[in-house]
Amino acid sequence: MIVDESVVVREMEEILDRARGAGLRLPASVVFANGAFSCLGRYVASATASGPILVVGGRFVRDRQRRLSLEEQFCRHDVPSIHYVEVRGEPTCESVQAGVTLARRVRPHTVVGIGGGSSLDTAKAIAALLTNSGTIDEYLEGGERTRQLECAPAPQFAIPTTGGTGSEMTRNAVIGIPARKLKRSLRDDRLMPTMALVDPDLTMSAPANVTLASGLDALTQLIEVCISKFARPETTEACLKALRHVRWALPRAIMEPTNRPARSAMSMAASVSGLGLANAGLGMAHGIASALGAVRPLPHGWICGVLLPHVLRVNRDAAEQPLARVLAAFLGEDEPKPGVVDRGLEELDRWYAALDVPADLSSLGLTDAEIEEIAVGSMGNSMRGNPVVMTPREVARFLQRLCRKAP
Ligand SMILES: [Fe+2]
């Protein structure tokens, strides 16, 4: 199934219309269109009052040419000053706090996040701490949280440049605490971006390894949303629709980076997966990925992707029907037919091999102590949605199997 990008845009519009009709959480405004980035200045000027702007981003912000075109856009709309926070790697309390210090000094009216999930999450956290006192660690979920956001975050725009995390459609930001080998979420309904501006053309410059890892994140999110204990008919329908594109679009986006239909389909997959996770739940792959990512500095999407086929096999009996629908959609079949789960899992394995995705975690060399630590750390919010109830001991056994080198 290969489609024109206009088909993808139309499908996305239908998904957003239905999501709004069903009362799902989503940004006040979502623009999904090829070339939409050229209108950013106008969108910012019309959605917020005039004032300085803080741009938070990674590769995009380091690219002089792109910075200049951004500044031209904002100048045309009388933005008095633009400030930048450069993001390198996944956000930590320390990196967020450095951005907050700058933001509190320059007092931007609007925060614009441009990049992958790390940039968008950093932008959300800065927007929240710009209007609330204290430090980021005080607001993170988990046993240590001591404060809730009192004031709404500053207006924030989310502009993804990878087809991955779907952070532009969610109300949380994932922040690492490296010293404690933890990742925690800052979560609040008001953290949902004021506007998600999704221009699939922006993802064309993403390197192949980033496209693969972020695509695997979107795939895992779409699937976990559908089989989660907290799945809702509206989120499942949306995710199944997006899932039908991933098998053809991800390999094509990697092999032909400027392929517009493929990039558009993966941008849709990512945004819809974000819509899904903001309104339903995730599962075991994300539970473990959060803890494993805090122990080893690996791309979140890569970890999720490697875990996914194994997680589906653990859950196949407990989530037989949703899994059949998910795998039928992955295969591009209209209805789940007998044997679809076996066929779908076999095809997923073949597809992974063609994309060079490892079949297990044996290359990581995790020690028994690290596995225990990851197993305990994986019992967070995502794990609550997993169809099979997993104890830390069961997760540790699952990880030990994946870490054992094949004879
Ligand atoms: Fe994810």
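The rules we used
Residues numbered from 1 in each chain as written. Predicted model: local features only at pLDDT ≥ 70, side-chain atom pairs only at ≥ 80, totals over all residues. Domains from an automatic or database assignment. Helix = DSSP H or I, 4+ residues; strand = E, 2+ residues; numbered from the N terminus. Pairing = 2+ DSSP bridges. Axes fitted to C-alpha atoms, helices over the stretch in contact; angles between N-to-C directions. Contact = placed C-beta atoms within 7 Å. Parallel < 35°, antiparallel > 145°, perpendicular 65-115°, else oblique. Left-handed = near helix turned anticlockwise from the far one by under 90°. Nonpolar A, V, L, I, M, F, W, Y, C, P; charged D, E, K, R; others polar. Buried ≥ 20, exposed ≤ 12 C-beta atoms within 10 Å, placed from the backbone. Core = buried A, V, L, I, M, F, W, Y, C linked by C-beta atoms within 7 Å. Expected span 1.5 Å × (residues − 1). Arc of directions from axis to C-beta.

Peer 1: Before we move on, could you go through the domain arrangement of the chain and cite the residues and values that matter?
Peer 2: Along its sequence, the chain is organised into domain 1 (36–198) and domain 2 (205–403). The straight-line distance from the C-alpha centre of domain 1 to that of domain 2 is 26 Å. Looking at the side of domain 1 that touches domain 2, the elements that each hand over two or more residues are strand S7 (182–187) and strand S8 (195–198). Sorting elements by how many residues they give to the side of domain 1 that touches domain 2 places S7 first, with 3 residues.

Peer 1: Run through the sheet that holds strand S1 (residues 29–32), naming residues and quoting values.
Peer 2: Read across the open sheet, the 6 strands follow the order S1-S8-S5-S4-S2-S3; overall the sheet is parallel. Looking along the sheet, the strands with just one partner apiece sit at the ends: S1 and strand S3 (82–86). Sheet twist, expressed as the mean angle between neighbouring strand axes with direction ignored, is 15 degrees. Pairing between S1 and S8: 4 bridges, direction parallel. The residue of S8 that forms the bridge with Ser29 is Met195. Lying over the sheet, helix H5 (residues 93–106) contacts strand S2 (53–57) and S3, oriented at roughly 170 degrees with respect to S3.

Peer 1: So what's going on with the packing of helix H14 (residues 368–377) against helix H15 (residues 392–403)? Which residues, and what values?
Peer 2: The geometry of H14 relative to H15 is characterised by a closest axis approach of 8 Å and an angle of 135 degrees between their N-to-C directions. On the basis of their axis angle, the class for H14 and H15 is oblique. Two packed elements cross with a definite hand, and for H14 against H15 that hand is right-handed. Across the interface between the two elements, Ile371, Glu372, Ile374, Ala375 and Val376 of H14 pack against Pro392, Val395, Ala396, Leu399, Gln400 and Cys403 of H15. Residues belonging to the contact of H14 with H15 are distributed by class as follows: 9 nonpolar, 1 polar and 1 charged.

Peer 1: An account of the pairing of strand S6 (residues 172–177) is needed here, citing residue identities and associated values.
Peer 2: Burial analysis of S6 places 5 of its 6 residues in the buried class, which makes it a mostly covered element. Bridge count between S6 and S7: 6 bridges; the pairing is antiparallel. Along S7, the bridge assignment pairs Ala173 with Leu186. Connecting the antiparallel pair S6 and S7 is a turn made up of 4 residues, with Lys181 showing a positive phi of about 50 degrees.

Peer 1: Which residues make up the nonpolar core, and what values go with them?
Peer 2: If you look at the biggest cluster of nonpolar residues, it comprises 127 residues, and the most contacted ones within it are Ile126, Ile136, Leu222 and Ala269. Broken down by element, this core gets its largest block of residues, 11 residues, from helix H7 (residues 208–227). Residues from two domains meet in this core; each of domain 1 (36–198) and domain 2 (205–403) gives at least three. The residues touching Ile126, leaving out its near neighbours within four places in the chain, are Leu54, Val56, Val85, Val96, Gly99, Val100, Ala103 and Val111.

Peer 1: Let's hear about H5: which residues, and what values?
Peer 2: An ideal rise of 1.5 Å per residue puts 20 Å on 14 residues; H5 measures up with 20 Å between its terminal C-alpha atoms. By the burial criterion, the buried members of H5 are Cys93, Ser95, Val96, Gly99, Val100 and Ala103. One side of H5 carries all its buried residues, which in axial view fall inside an arc of 160 degrees. Of the residues in H5, the exposed ones pointing more than 90 degrees away from the buried face are Thr101 and Arg105. Looking at the buried residues of H5, the elements they touch are S2, S3, helix H6 (117–130) and S6. Within two residues after H5, Arg107 carries a phi angle of roughly 45 degrees, on the positive side.

Peer 1: Give a description of the packing of helix H10 (residues 284–295) against helix H11 (residues 300–315) that names residues and reports values.
Peer 2: Running from N to C, H10 and H11 cross one another at 140 degrees; their axes reach a closest spacing of 8 Å. Here H10 is positioned oblique relative to H11, judged by the angle of their axes. Here H10 runs over H11; the crossing is right-handed. Only His300, Ile303, Cys304, Leu307, Leu308, Val311 and Val314 of H11 make contact with H10, whose side of the interface consists of Met284, Ala285, His286, Ile288, Ala289, Leu292 and Gly293. Tallied by class, residues from the contact of H10 with H11 come to 11 nonpolar, 3 polar and no charged.

Peer 1: Just give me the short version of the environment of Val376, but keep the residues and values in it.
Peer 2: Counting through the fold element by element, Val376 comes out in helix H14. Residues Val376 and Ile288 lie 88 residues apart in sequence; the distance between their C-alpha atoms is 9.3 Å.

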